[in-house]
Amino acid sequence: MIRSRNPEGDWAKNRLEALSDGVFAIAMTILVLDVRLPELDRHASSIDVFNALGNMWPELMAYIISFVILGGMWLGHQNAFHAIKKT
C-alpha cells in the first residue's frame, strides 16, 4: 500500500520532488527531439561527416544552452526544496 501522507497528515514532500524531477526530465529530453542529424551520402567520408556536424553548430549550441539553463533551474528548484519542511 502506497502512503501519500506522512503521520502529521501533510502530503509527503518526496512525492512532489519526484513529480517535479520528472517534469524537468521530460522537458530536457524533449529538447533533443529538435536536433536533426544531417543527411549524407551512404559513402560519405569522415571529413564529410565532420563538416556536416560543423554546419549544425547553431542547433547544437541552442540545445546545449537550453539544457544548461534547464539544468540550472532544476538545481535551483532542488535547493529551494531543501528549505521546505512541509507540503
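Thresholds, definitions, all that
Residues numbered from 1 in each chain as written. Predicted model: local features only at pLDDT ≥ 70, side-chain atom pairs only at ≥ 80, totals over all residues. Heavy atoms only, no water. Helix = DSSP H or I, 4+ residues; strand = E, 2+ residues; numbered from the N terminus. Buried < 20%, exposed > 50% of the residue type's maximum accessible area, 1.4 Å probe, protein only. Contact = heavy atoms within 4.5 Å. Areas by Shrake-Rupley, 256 points an atom, 1.4 Å probe, with all protein chains shown as cover. Expected span 1.5 Å × (residues − 1). Arc of directions from axis to C-beta.

### Quick word on the overall build of the protein
Helix and strand content of the protein: three helices and zero strands. Going from the N terminus to the C terminus, the protein shows its helices and strands as α-α-α. Taking all 87 residues of the protein together, 14% fall into the buried category. At a minimum sequence separation of 6, the contacts of the protein that also span at least 24 residues come to 62%. In the structure as shown, the protein presents an accessible area of about 7,200 Å², 65% of it carried by carbon and sulfur atoms.

### Focus: helix 1 (residues 13-32)
In this model helix 1 runs 30 Å from its N-terminal to its C-terminal C-alpha over 20 residues, within 8% of the 28 Å that 1.5 Å per residue would give. Those residues of helix 1 lying buried are Glu17, Ser20, Phe24 and Met28. The buried side chains of helix 1 occupy one side of the element, clustering within an arc of 75 degrees when seen end-on. Turned more than 90 degrees from where helix 1 packs its buried face, Leu19, Val23, Ile26 and Ile30 sit exposed. Against the buried residues of helix 1 lie helix 3 (57-83).

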